[in-house]
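Structure at a glance
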Amino acid sequence: MTENLLLTLVLGISVLGVVAAFLLAKWVLSRDTGTAAMRAISDAIREGANAFLKRQYKTIIILALMCAAALFIGYGFIREHRDFDPVGSSMELAFWITLSFVFGAVCSLFAGFIGMWVSIRSNIRSAAGAIKSVNDSLQVALRGGAVSGLMVVSMSLLGVGGLYLLVKVFAGGIDPTKIPFLIVGYGFGASFVALFAQLGGGIYTKAADVGADLVGKVEAGIPEDDPRNPAVIADLVGDNVGDCAGRGADLFESTAAENIGAMILAGVMAKDVPGATPEWIIGVMMFPLFARALGIIASIIGVVSVKVKGDEAPMSALNRGYFITIALAILGLAAASRLLFFHESAPDGWLYLFGAGVVGVLTSVAFIYITEYYTDYTHRPVLSIAEASQTGPATNIIAGMGVGLESTALSALTIAVAIISAYWLGNKSGFPHAGIFGTAVATMGMLGSAAYVLAMDTFGPIADNAGGIIEMSDQPEDVRQRTDKLDAAGNTTKALTKGYAIGSAALAAFLLFSAYLDEVRNYGHDIQSVDLANPYVFVGGLIGAALVFIFSSLAIRAVGKAAYYVIQDVREQFKEKPGILKGTEKPDYGRCVDIVTKGALKQMVLPGLVVVLTPIVAGVIFRAFDIGAEAVASLLMVGTIAGILMAAFLNNGGGAWDNAKKYVELGNYGGKRSETHKAAVVGDTVGDPFKDTAGPSLHVLIKLLSTITLVLAPLFI
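The sections below set out a description of the structure shown in this document. The structure displayed is predicted, hence computed values, not measured ones.

Here is what the cut-offs are and how they apply
- Residues numbered from 1 in each chain as written.
- Predicted model: local features only at pLDDT ≥ 70, side-chain atom pairs only at ≥ 80, totals over all residues.
- Heavy atoms only, no water.
- Helix = DSSP H or I, 4+ residues; strand = E, 2+ residues; numbered from the N terminus.
- Rg over C-alpha atoms; globule rule 2.2 N^0.38 Å.
- Buried < 20%, exposed > 50% of the residue type's maximum accessible area, 1.4 Å probe, protein only.
- Contact = heavy atoms within 4.5 Å.
- Areas by Shrake-Rupley, 256 points an atom, 1.4 Å probe, with all protein chains shown as cover.
- Lys, Arg positive; Asp, Glu negative; His and termini not counted.
- Charge placed at Lys NZ, Arg CZ, Asp CG, Glu CD.
- Core = buried A, V, L, I, M, F, W, Y, C linked by side-chain atoms within 4.5 Å.
- Polar contact = N/O pair within 3.5 Å; in protein donor to acceptor, adjacent residues only side chain to side chain.
- Expected span 1.5 Å × (residues − 1).
- Phe/Tyr/Trp six-rings, centres within 6.5 Å; stacked < 30°, edge-to-face > 60°.
- Lys NZ or Arg CZ within 6 Å of the ring centre and 35° of its normal.
- Axes fitted to C-alpha atoms, helices over the stretch in contact; angles between N-to-C directions.
- Parallel < 35°, antiparallel > 145°, perpendicular 65-115°, else oblique.
- Left-handed = near helix turned anticlockwise from the far one by under 90°.
- Patch = residues over 30% accessible without salt bridge, like charges linked within 9 Å, V, L, I, M, F, W, Y side chains within 5 Å.
- Salt bridge = Lys/Arg side-chain N within 4 Å of Asp/Glu carboxyl O.
- Nonpolar A, V, L, I, M, F, W, Y, C, P; charged D, E, K, R; others polar.
- Disulfide = S-S within 2.5 Å.

This brings us to the overall build of the chain. The number of helices and strands found in the chain is 21 helices and zero strands. For the chain, whose C-alpha radius of gyration is 25 Å, the value lies close to the compact-globule estimate of 27 Å for 717 residues. The C-alpha extent of the chain, read off along each of the three principal axes, is 80 × 55 × 45 Å. Looking at the chain as a whole, 65% of its 717 residues qualify as buried. For the chain, long-range pairs separated by at least 24 residues make up 85% of all intrachain contacts whose partners lie at least 6 apart in sequence. Looking at the chain as shown, the accessible area adds up to about 23,500 Å², and 65% of this sits on carbon and sulfur atoms. Looking at the chain, you have 51 positive and 58 negative side-chain charges, and the mean spots of the two groups are 5 Å apart.

Right, here's the structure in full:
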């Protein structure tokens with residue numbers, strides 16, 4: 001297939017994804033919006049979410065512009081031009097790197113905004129659908145989530161494909177295999193925005209949640225989502241800005257960075273194949289974009305196929321749609337592999353690389369089942385935490401920590417099997433040096449269902465908000481039971497997608513690490529391995545591991561500090577208006593929303609800047625000892641390993657604590673308001689910043705380290 005035809009197909013299918021998202025949004029917005037009381041609550045959620053996002057985006061834009069200016073100055077004026085640079089001058093290199101960074105940042109901001117815009121309009125329609133049936137409510141929530149999923153993946157492909165086309169047209173006859181080196185800034189811009197979006201949204205949602213739970217459930221003894229709780233609207237807003245806007249930006253940067261990294265590895269591998277024509281080399285390099293485009297079609301079909309049959313559990317319908325998506329994504333991988341990888345020098349090579357892609361798909365399924373085992377209350381880990389809660393908060397915390405730490409073993413084993421299998425299949429393909437490229441194909445396979453997975457993730461907060469709207473508007477018990485079913489399914493999908501995110505981050509990190517080494521070699525520094533026996537290189541790795549722990553600490557403490565403001569405000573409102581708890585006075589929801597917004601944005605800046613600046617400062621310092629590239633490679637490699645394990649611990653431990661509390665609330669071990677329940681609520685509160693702030697933010701940190709080093713590699717040499 002020719003380069004122009006491939007670009008046309010990739011961009012065309014991406015546009016199809018945007019059109020499908022528009023049609024799904026139109027369908028969702030045409031649904032019933034319920035009663036006036038329900039609309040009033042939904043409006044309050046929307047106003048709070050918009051206010052937070054407006055302030056957050058202003059902060060992120062200022063930080064991004066400062067970073068863009070630093071990139072331009074660094075490449076255009078500080079670094080000298082080298083003969084092996086992809087373009088003819090330092091200013092031209094600075095222009096393309098900076099342009100791609102700004103473009104990636106803008107697209108990431110837009111992706112996060114779209115996710116939240118749809119979710120805050122879907123929640124009321126999902127709640128109204130629950131008045132009719134579980135199926136009506138589920139379809140609204142999932143299709144609302146799918147708008148975000150399809151927009152994120154489609155825009156990622158449009159961005160990378162569009163930049164590739166821009167460079168091809170305006171950079172003046174550049175070697176196509178050099179183009180990915182000019183657009184690596186796109187992934188960095190997307191990662192930069194995603195870190196602050198996920199971190200700020202995560203701090204907000206958990207500060208509000210912790211404050212609402214501790215004062216509402218534990219101190220005042222009122223139910224979750226009770227309209228008497230001043231923090232309840234802030235809590236519902238948090239679901240949108242954390243799980244929708246934050247996760248949308250997170251998965252956007254995942255798809256963007258990994259596409260570019262895979263293209264770099266593809267170009268390096270394909271050029272070494274004997275008898276490879278320029279057309280075939282470009283086809284191999286375009287494989288990541290083409291395979292991901294076919295994944296969009298698979299996700300669209302998977303989403304529209306979801307329907308609850310009779311009295312079946314909502315999770316069964318969602319799983320059915322997921323496996324339809326997986327099956328179609330595998331067929332798309334097979335087609336893309338045969339079309340783009342077939343070569344006479346290795347006629348069966350495409351089959352082995354297709355096998356590597358299937359390894360990636362199976363890895364995503366494995367991570368989902370591992371996460372389910374450790375976070376669902378039908379399995380031993382969560383049940384052990386619930387049982388331990390009978391003897392108080394201390395034993396609950398001990399049991400939860402144990403479960404979280406234990407979960408890292410299966411996660412690490414799965415990643416190990418996936419990387420080794422994909423590497424072996426790549427080597428067996430018959431193409432020279434294709435082992436590393438096999439892991440890149442596995443990553444593309446894993447991300448083939450990204451749009452559907454993000455739809456399931458966004459389904460969670462939409463269903464949660466729908467349940468809150470039903471509870472606060474005092475709807476009949478049978479309607480509440482329907483939204484409770486969807487809320488339970490939503491908690492599961494949110495946990496499962498975190499597992500998926502860990503797996504994709506792990507495979508992607510190995511891909512991007514290999515792309516970093518290839519880029520360093522492209523810029524004339526022949527680095528073949530990273531020698532940890534060298535003290536400078538060892539120290540670089542130590543800094544990378546320490547960064548993960550410091551960042552996690554700052555993120556968790558940020559939630560505690562922001563939650564303090566919420567707790568104080570809720571207590572003060574109960575004192576100022578004694579009629580709130582009696583139901584004769586209304587709390588000031590807006591005041592609490594404003595307090596959480598200011599607290600979250602204040603606390604997000606420091607941990608974000610620590611992540612961005614650490615690899616840059618380390619690279620510049622170690623460059624003075626003529627070992628900058630190797631030391632940064634060590635920082636990236638060890639930081640990635642520590643980040644993957646820490647993210648698994650935080651996500652699974654937090655999810656297990658959450659569902660242990662829900663298991664007790666079902667009536668087990670004394671049920672709600674018992675001493676066991678109070679202990680379980682404390683555990684859930686501890687787990688909240690683990691699973692919804694620090695854990696998800698670590699997914700971004702892992703990939704941000706990779707994209708920073710990719711963009712700044714020439715400055716470390």
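Resuming the write-up.
Let us look at the nonpolar core. Among the nonpolar cores identified, the biggest contains 255 residues, and Leu318, Phe437 and Tyr516 are the most heavily contacted of them. No other element matches the 20 residues that helix α7 (residues 232–271) contributes to this core. Residue contacts for leucine 318: discarding those within four places in its chain leaves Leu138, Leu142, Val306, Tyr452, Met456, Phe459, Ala489 and Thr493.

With respect to the helices, strands and loops of the structure, asparagine 135 is situated in helix α4 (residues 134–170). Once the C-alpha coordinates of asparagine 135 and valine 306 are considered, the two residues, 171 residues apart in sequence, prove to be 9.1 Å apart. Those residues in contact with asparagine 135, other than ones at most four positions away along the chain, are Lys307 and Val308. Separated by 2.9 Å, the side chain of asparagine 135 and the backbone nitrogen of valine 308 make a polar contact.

The next point concerns helix α17 (residues 535–576). Along its 42 residues, α17 runs 61 Å from first to last C-alpha, staying within 8% of the 62 Å computed at 1.5 Å per residue. For α17, the N-terminal capping position is held by asparagine 534, with its side-chain oxygen 2.9 Å away from the main-chain nitrogen of tyrosine 536.

With that settled, consider the packing of aromatic side chains. Evaluation of the coordinates by the stated rule reveals 21 aromatic pairs. On the numbers, 5.7 Å between centres and 70 degrees between planes, the contact of tryptophan 657 with phenylalanine 690 is edge-to-face. Linking tryptophan 657 in helix α20 (residues 628–665) with phenylalanine 690 in helix α21 (residues 675–716), this pair joins segments that are 33 residues apart in sequence. Neither residue differs from the other here; tryptophan 657 and phenylalanine 690 are each classed as buried. Above the face of the tryptophan 27 ring, arginine 143 is positioned so that its terminal group lies 4.6 Å from the ring centre.

Quick look at the packing of helix α3 (residues 90–132) against helix α15 (residues 450–472) now. For the pair α3 and α15, the least separation of the axes is 8 Å and the interaxial angle reads 55 degrees. Classified by the angle their axes make, α3 and α15 are oblique. Two packed elements cross with a definite hand, and for α3 against α15 that hand is right-handed. Along the contact surface, α3 presents Ser119, Ser122, Asn123, Ile124, Ser126 and Ala127, while α15 presents Thr458, Ile462, Asn465, Ala466, Ile469 and Ile470.

Together, Phe95, Leu99, Leu165, Leu166, Val169 and Phe170 make up an exposed nonpolar region whose accessible area comes to about 540 Å². Those elements that provide at least two residues to the nonpolar patch are α3 and α4. Tallying contributions element by element places α4 first for the nonpolar patch, with four residues.

This brings us to the packing of helix α2 (residues 36–78) against α15. For the pair α2 and α15, the least separation of the axes is 9 Å and the interaxial angle reads 135 degrees. The orientation of α2 with respect to α15, classified from their angle, is oblique. You can see that α2 and α15 cross each other, and the crossing is right-handed. Packed against α2, whose contacting residues are Met38, Ile41, Ser42 and Ile45, the element α15 presents Asn465, Ile469, Ile470 and Met472 at the interface. When its residues are assigned to classes, the contact of α2 with α15 shows six nonpolar, two polar and no charged.

It is worth spelling out the pattern of salt bridges at this point. In total, this model carries 20 salt bridges according to the counting rule given. Here lysine 691 ties to aspartate 658 by a salt bridge, and the two come within 3.5 Å at their closest N and O atoms. Taken as a pair, lysine 691 in helix α21 and aspartate 658 in helix α20 lie far apart in primary sequence, 33 residues in all. Using a relative accessible area of 9% as the deciding quantity, one classes aspartate 658 as buried. The shortest N-O distance in the salt bridge between lysine 691 and aspartate 688 comes to 3.6 Å.

Before going further, it helps to spend a moment on unusual backbone geometry. For histidine 433, which is not a glycine, the phi torsion comes out positive at approximately 55 degrees. Its place among the elements puts histidine 433 in the loop between α13 (393–428) and α14 (435–446). Not every positive phi belongs to a glycine, and aspartate 474 is a case in point at roughly 60 degrees. Within the secondary structure, aspartate 474 is located in the loop between α15 and α16 (477–522).

This part takes up the side chain of histidine 343. Residue position: histidine 343 is located in the loop between α10 (314–341) and α11 (349–375). The buried category is assigned to histidine 343, whose relative accessible area is 7%. Ignoring sequence-local partners within four residues, the contact set of histidine 343 consists of Val273, Pro274, Gly275, Ala276, Trp280 and Phe431.

Note that alanine 618 resides in helix α19 (residues 589–623). Through-space distance from the C-alpha of alanine 618 to that of aspartate 531 is 17 Å; in sequence the pair is 87 residues apart.

Following the sequence through the fold, serine 148 ends up in helix α4. The buried category is assigned to serine 148, whose relative accessible area is 1%.

Looking now at the state of the cysteines. Enumeration over the complete set of coordinates arrives at zero disulfides. Looking at cysteine 67, it has no disulfide partner, and the nearest cysteine sulfur is the one in cysteine 107, 16 Å off. Classification of cysteine 67 by relative accessible area gives buried; the value is 13%.

With that settled, consider the environment of threonine 59. By the element assignment, threonine 59 lies in helix α2. Residue threonine 59 is classed as partly exposed on the basis of its relative accessible area, which comes to 24%. In this structure the C-alpha to C-alpha distance between threonine 59 and alanine 629, which are 570 residues apart in sequence, comes to 32 Å. When neighbours within four sequence positions are excluded, threonine 59 is seen to be in contact with Met604 and Val605.

That is the geometry; function is a separate question.
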